[in-house]
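Breakdown of the fold
Listed below, chain by chain, are the residues.
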Amino acid sequence: MNIASVVVDVAVRQTDRPFDYEIPSRWEDMIQPGMRVIVPFGPRHVQGFVLETREEAESRKLKPIVEPMDIAPVLNKELLSLADWLTAESLCFKISALQAMLPAAMKAKYSKHIRITGDHTLSQEAQALFGSREEITWEEAAETGALAEVRREVKKGSLDVVYSVKSKGQKKTIRMVQCPLSEEELAQTIHSMPKNAVKQKEALQFFQGIAGNWVPLKETGISSAVAKALIEKSLLLEKQEETYRDPLAGRTFELDQPLELTQTQKAVIEPILAKIKEDQSETFLLHGVTGSGKTEIYLQSISEVIKKGQEAIVLVPEISLTPQMTDRFKQRFGDDVAVLHSGLSTGEKYDEWRKISRKEVKVVVGARSAVFAPFENIGLIIIDEEHETSYKQEENPRYHARDVAIWRSSYYQCPVILGSATPSLESFARAKKGVYKLLTLSERVNDRPLPSVDIVDMREELREGNRSMFSRNLFEKIKDRLQKGEQTVLFLNKRGYSSFIMCRDCGFVPECPNCDVSMTYHRHRHQLKCHYCGHEELSPNVCPECGSEHIRHFGTGTQKVEEELLKLLPEVRIIRMDVDTTGTKGAHERLLKRFADKEADILLGTQMIAKGLDFPDITLVGVLSADTMLHLPDFRAAEKTFQLLTQVSGRAGRHTLPGEVVIQTYTPEHYSIQLAADQHYEAFYEQEMQVRKAGGYPPFYFLALITVSHEEAITASGEANKIVANIKPELSPAAVMLGPVASPISRINNRYRWQCLIKYKREPKLGTVLKQVLEHYAKQGKSNGLMVSVDIHPYVLM
DNA sequence: AATGGTCAGCTG
DNA sequence: AGCTGACCATTC
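A brief report on the enclosed structure follows.

What counts and how
- Residues numbered from 1 in each chain as written.
- Chains lettered and ligands numbered in written order.
- Predicted model: local features only at pLDDT ≥ 70, side-chain atom pairs only at ≥ 80, totals over all residues.
- Heavy atoms only, no water.
- Helix = DSSP H or I, 4+ residues; strand = E, 2+ residues; numbered from the N terminus.
- Rg over C-alpha atoms; globule rule 2.2 N^0.38 Å.
- Buried < 20%, exposed > 50% of the residue type's maximum accessible area, 1.4 Å probe, protein only.
- Near = heavy atom within 4 Å.
- Polar contact = N/O pair within 3.5 Å; in protein donor to acceptor, adjacent residues only side chain to side chain.
- Nonpolar A, V, L, I, M, F, W, Y, C, P; charged D, E, K, R; others polar.
- Axes fitted to C-alpha atoms, helices over the stretch in contact; angles between N-to-C directions.
- Parallel < 35°, antiparallel > 145°, perpendicular 65-115°, else oblique.
- Contact = heavy atoms within 4.5 Å.
- Pairing = 2+ DSSP bridges.
- Arc of directions from axis to C-beta.
- Right-handed = clockwise from strand over helix to strand, strands pointing away.
- Salt bridge = Lys/Arg side-chain N within 4 Å of Asp/Glu carboxyl O.
- Left-handed = near helix turned anticlockwise from the far one by under 90°.
- Phe/Tyr/Trp six-rings, centres within 6.5 Å; stacked < 30°, edge-to-face > 60°.
- Lys NZ or Arg CZ within 6 Å of the ring centre and 35° of its normal.

**Some remarks on the overall build of chain A**
Helix and strand counts for chain A come out as 24 helices and 33 strands. Relative to the globule expectation of 28 Å for 798 residues, the C-alpha radius of gyration of chain A, 31 Å, shows essentially globular dimensions. Here the C-alpha coordinates of chain A stretch approximately 90 × 70 × 65 Å along the principal axes. In chain A, which comprises 798 residues, the share counted as buried stands at 51%.

Shown next as structure tokens:
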């Protein structure tokens with residue numbers, strides 16, 4: 001008999017293994033590994049992925065596959081084995097790995113219906129529920145409280161519960177029509193139409209001269225009622241044709257030409273092209289200061305790959321995946337480019353995925369998950385801004401796009417380019433060790449000078465009586481730009497209005513009732529919001545503790561900066577960009593366009609403006625508070641601060657006008673701020689490496705984070721202790737186990753959280769040991785409510 | 001995850 | 001006896 005082993009869509013430890021199903025003979029030639037199928041699982045139907053098919057001589061009792069969901073595999077051999085690797089590497093469930101590689105539209109949608117079987121007579125109560133219908137939804141029955149009655153009837157056999165599985169996303173189709181008559185017949189028919197059939201006559205006239213051609217109904221101008229009448233008379237034929245939703249509808253791109261490379265660019269691209277030509281895998285770390293022309297290197301390398309008949313993947317952090325960025329690829333490669341970003345609807349993403357899968361494009365530009373693009377002849381993978389932490393996925397499967405890229409490059413024997421002006425310490429250290437090949441672009445194209453940077457000590461400002469959030473230095477410079485008609489970018493890494501509120505009389509700070517974090521104040525709805533569990537409540541006007549009316553809004557958000565700025569300079573035109581103003585689709589693009597069109601003097605925003613914007617008239621960049629990030633409980637805080645400041649400073653003076661940067665800080669002496677001002681990457685690298693070495697952090701050690709949570713703090717800490725005690729003897733003496741300690745956010749959603757951090761260099765057994773821990777708690781922990789999660793190479797230590 | 005089976009405890 | 005809710009094993 002023919003057997004398929006199937007991983008089912010039930011993401012828990014107990015079902016995290018393949019189940020065997022019989023392949024019914026009618027699907028025998030059809031069912032292949034990598035296909036989605038619907039299978040019976042227990043009493044219901046679920047989606048599953050076929051891992052492999054085989055023939056067994058002996059027949060055994062297996063349930064048959066209900067039906068395939070695809071006509072061709074959605075995952076090829078390579079992606080299936082990548083899923084194996086991902087599962088082992090990140091300790092996730094196989095189903096999570098498989099699903100991570102496909103667009104959300106391919107996730108299953110489940111529904112439950114209750115149907116009358118007709119075998120027995122229904123009770124009156126049930127009859128009332130159905131009315132004249134044959135079938136109702138489960139939800140409907142549940143709402144009316146009739147489930148008990150339904151259960152009885154099901155037992156009796158008069159009702160049936162049917163489970164259905166559907167793919168979430170649908171292919172979009174358009175209605176096509178054709179006139180099947182010959183031209184002569186058509187002319188005759190039109191002539192002999194009854195006089196009152198004006199519309200039908202008109203419709204047929206449309207087909208004169210093009211009879212036999214398929215035309216989209218929309219383009220014919222024929223109403224659907226008229227079309228229906230003609231189809232009934234067989235004067236027209238119709239069919240549904242698959243089509244793509246077009247996110248770029250109405251936009252055309254004029255192709256541009258490769259730019260002439262500078263000497264340094266040539267020196268850098270040469271080894272990349274060599275590896276492409278030789279079909280060899282190699283990871284390049286392209287370290288190029290902002291404005292040094294990294295993108296042109298990417299574009300010309302991709303050209304080479306396309307020339308060879310291969311494909312390329314380009315990863316870009318979500319926040320810099322702007323039209324400005326993707327247009328450069330569209331302009332160079334035209335229709336050969338697919339773009340995957342979060343702004344697309346589920347359906348649009350699905351369509352882009354299908355274009356890739358059918359090899360209708362050669363290049364994919366997208367955020368993290370685009371690393372799974374289903375190409376089968378990859379010639380190059382590029383990760384731009386490789387230091388960005390958003391390349392690490394924080395849910396299962398907890399993978400890092402860089403690792404996936406390198407895995408795929410070794411499968412396809414092609415190079416990887418990691419590009420950044422401020423490489424992650426991990427990557428730079430690997431480049432220094434020779435694991436990656438380091439390529440450096442140290443000059444800006446056209447030798448534009450780097451902007452001059454002023455560091456302003458805000459403590460000093462305060463001492464001299466300036467209590468505003470703008471230093472005198474920055475304020476003067478802003479006024480100067482206004483006069484000259486040049487543009488300013490102000491950067492702040494906070495969102496909302498104020499980050500928290502506090503009673504000035506008793507010091508009370510409202511905290512989330514479910515989590516141990518202070519709540520964030522959102523002014524537009526005068527609400528307090530918890531960023532961890534989503535809890536919302538109205539912001540109090542009097543202190544709930546002491547009844548005082550003196551409530552102060554602490555921390556400075558973009559809204560507040562805007563207000564203060566308008567107070568000081570009433571006529572200034574500001575565009576504010578943060579999560580609040582860019583929430584709607586395309587808002588990001590619209591705001592940037594307005595700024596580019598010089599409809600505003602100042603662009604004020606959070607993280608999202610740190611990247612990629614490149615306008616000629618920006619001559620001033622102000623960082624309002626450089627150290628908000630520096631004091632987070634994160635060993636990467638200094639690195640992130642350095643990267644951000646360097647990145648932001650790069651926004652100024654990219655064109656003919658020289659740029660200036662003002663960095664305001666309360667810790668001007670910190671090396672990450674000093675060295676960012678000097679744009680001195682290597683010096684920062686050396687210094688930070690010392691710190692990491694002393695602390696035993698990456699890149700000197702690998703990390704694994706175990707988090708244990710439970711409703712009772714005692715249970716969480718007790719079990720965390722047990723876990724540590726169990727793991728410790730399994731590891732080599734060189735491994736360090738920190739904790740368990742309460743997590744920095746010690747409670748989320750009413751669950752207390754304890755964590756321990758493992759620092760290690762080489763622990764071949766670690767994966768197995770951690771998997772055992774997870775399995776143990778999957779069995780035992782389910783009943784006592786304990787949850788254990790493991791993050792290998794964590795980026796978020798909270 | 002979701003389901004059906006088992007079983008203790010309660011109602012009448 | 002009949003029903004409900006808690007617990008728990010099972011899912012090819």
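**Observations regarding the protein's contact with DNA strand B**
Taken together, 7 residues form the shell around DNA strand B, and within it V12, P43, R44, K112 and Y163 come nearest. Close to the protein, within 4 Å, the atoms of DNA strand B are drawn from sugar and phosphate at a rate of 73%. Contact between DNA strand B and R44: a base nitrogen at 2.8 Å from a side-chain N or O atom of the residue. Between a phosphate oxygen of DNA strand B and a side-chain N or O atom of K112, the distance comes to 3.2 Å. For the surface near DNA strand B, the class distribution of residues is 4 nonpolar, no polar and 3 charged.

**With respect to the packing of helix α15 (residues 425–433) against helix α22 (residues 681–695)**
With their axes 11 Å apart at the nearest point, α15 and α22 run at an angle of 100° to one another. Regarding the angle of α15 to α22, the classification is roughly perpendicular. Every residue of α22 that contacts α15 at L425, F428, A429 and K432 is listed here: Y681, E682, F684, Y685, E686, E688, M689 and R692. Looking at the contact of α15 with α22, its residues break down into 7 nonpolar, no polar and 5 charged.

**So, the sheet that holds strand β2 (residues 19–22)**
The strand order β2-β1-β4-β3-β5 describes an open sheet built from 5 strands, whose pairing is antiparallel. One side of each edge strand has no neighbouring strand; the edge strands of this open sheet are β2 and β5 (67–68). With 7 bridges joining them, strand β1 (residues 2–8) and strand β4 (residues 44–55) adopt antiparallel strand pairing. Of the residues in β4, the one forming a bridge with N2 is E55.

**Considerations on the protein's contact with DNA strand C**
In the neighbourhood of DNA strand C, the contacting residues comprise Q14, T15, R17, F19, D20, Y21, P40, F41, G42, L62 and K63. Interatomic distance of 3.1 Å between a side-chain N/O atom of R17 and a base nitrogen of DNA strand C. Between DNA strand C and P40 there is a distance of 3.0 Å, counted from a phosphate oxygen to a backbone nitrogen or oxygen. Mapped by element, the contributors of at least two residues to the surface near DNA strand C are β2 and β3 (36–41). Per-element accounting of the surface near DNA strand C gives the leading share, 3 residues, to β2.

**Some points on helix α19 (residues 587–596)**
Among the residues of α19, those classed as buried are A587, H588, L591, L592 and F595. The arc that holds every buried residue of α19, seen down its axis, measures 130°, which confines them to one face. Buried-residue contacts for α19 involve β20 (487–491), β26 (574–577), β27 (602–605) and β28 (618–623). K598, located one to two residues past α19, shows a positive phi value of around 60°.

**Some details on unusual backbone geometry**
Here the amide bond leading from N396 into P397 is cis, since omega sits at -5°, within 30 degrees of zero. Its place among the elements puts P397 in the loop between β16 (378–384) and α14 (401–412). Note that the residue after P698, namely P699, is joined by a cis bond; omega there is 5°. Inspection of the secondary structure assignment puts P699 in the loop between α22 and β30 (702–710). Phi at Q413 is positive, roughly 55°, even though this residue is not glycine.

**Some remarks on the side chain of S301**
Of note, S301 is situated in helix α11 (residues 294–307). Note on S301: relative accessible area 0%, which makes it buried. Ignoring anything within four residues of it in the chain, the contact list for S301 reads I269, I272, L273, I276, L380 and I417.

**Re the sheet that holds β26**
Strand order in the open sheet formed by 6 strands is β19-β29-β28-β20-β27-β26, with parallel pairing between adjacent strands. The outermost strands of the open sheet, each flanked by one partner alone, are β19 (452–457) and β26. Neighbouring strand axes in the sheet, compared pairwise and without regard to direction, differ in orientation by 15° on average.

**Points about the pairing of strand β14 (residues 337–340)**
With burial as the criterion, each face of β14 is covered, one bearing V337 and V339 and the other bearing A338 and L340. Summarising the sheet, β14 and strand β15 (residues 363–366) pair through 4 bridges and their orientation is parallel. Paired with A338 across the two strands is V364, which belongs to β15. Between the parallel elements β14 and β15, the chain passes through helix α13 (residues 346–357) in a crossover that is right-handed.

**Some thoughts on the pattern of salt bridges**
Considering all chains together, one arrives at 54 salt bridges under this definition. Here K266 and E260 are joined by a salt bridge, their closest N and O atoms 3.5 Å apart. Note that E536 is salt-bridged to K529, the shortest N-O span being 3.6 Å. Taking relative accessible area as the criterion, E536 reaches 33% and is therefore assigned partly exposed. Residues joined in a network through salt bridges with shared partners are D454, K477, D480, R481, K484 and E660.

**Notes on the pairing of strand β6 (residues 108–116)**
In the sheet, β6 pairs with strand β8 (residues 159–167) via 9 bridges, with the strands oriented antiparallel. Opposite I116, over in β8, you have L159 as the bridge partner. The pairing of β6 with strand β7 (residues 135–137) spans 3 bridges and is classified as antiparallel. The residue of β7 that forms the bridge with H113 is T137.

**A few points about the side chain of Q647**
If you trace the backbone, Q647 turns up in helix α20 (residues 637–649). Residue class for Q647 comes out buried when judged on its relative accessible area of 2%. Within the structure, the side chain of Q647 is placed 3.3 Å from the side chain of H387, a separation counted as a polar contact.

**Quick notes on the packing of helix α1 (residues 77–90) against α14**
What describes two packed helices is the angle between their axes and the distance between those same axes. In the contact formed by α1 and α14, the axes pass within 11 Å of each other and the chain directions differ by 135°. In terms of orientation, α1 lies oblique with respect to α14. The chirality of how α1 crosses α14 is right-handed. In contact with E78, L79, S81, L82, W85 and L86 of α1, α14 contributes D403, V404, W407, R408, Y411 and Y412. Looking at side-chain class alone, the contact of α1 with α14 contains 8 nonpolar, 1 polar and 3 charged residues.

**Concerning the packing of aromatic side chains**
Considering all chains together, one arrives at 14 aromatic pairs under this definition. Relative to W407, the ring of W85 lies with its centre 6.1 Å away and its plane at 35°, an arrangement referred to as tilted. In this pair, W85 sits in helix α1 while W407 sits in helix α14, placing the two residues 322 residues apart along the sequence. An angle of 55° between the planes, with centres 6.1 Å apart, marks the rings of F642 and Y681 as tilted. Note that F642 is positioned in helix α20 and Y681 in helix α22, a separation of 39 residues in sequence. Under the relative-accessibility criterion, Y681 is labelled buried at 6%. These aromatic residues form a ring-pair network of at least three members: F428, F642, Y671, Y681, F684 and Y685. One cation-aromatic arrangement involves K239 over W214; the distance from NZ or CZ to the ring centre is 4.6 Å. Residue placement shows K761 over the ring face of Y701; its charged tip is 4.8 Å from the ring centre.

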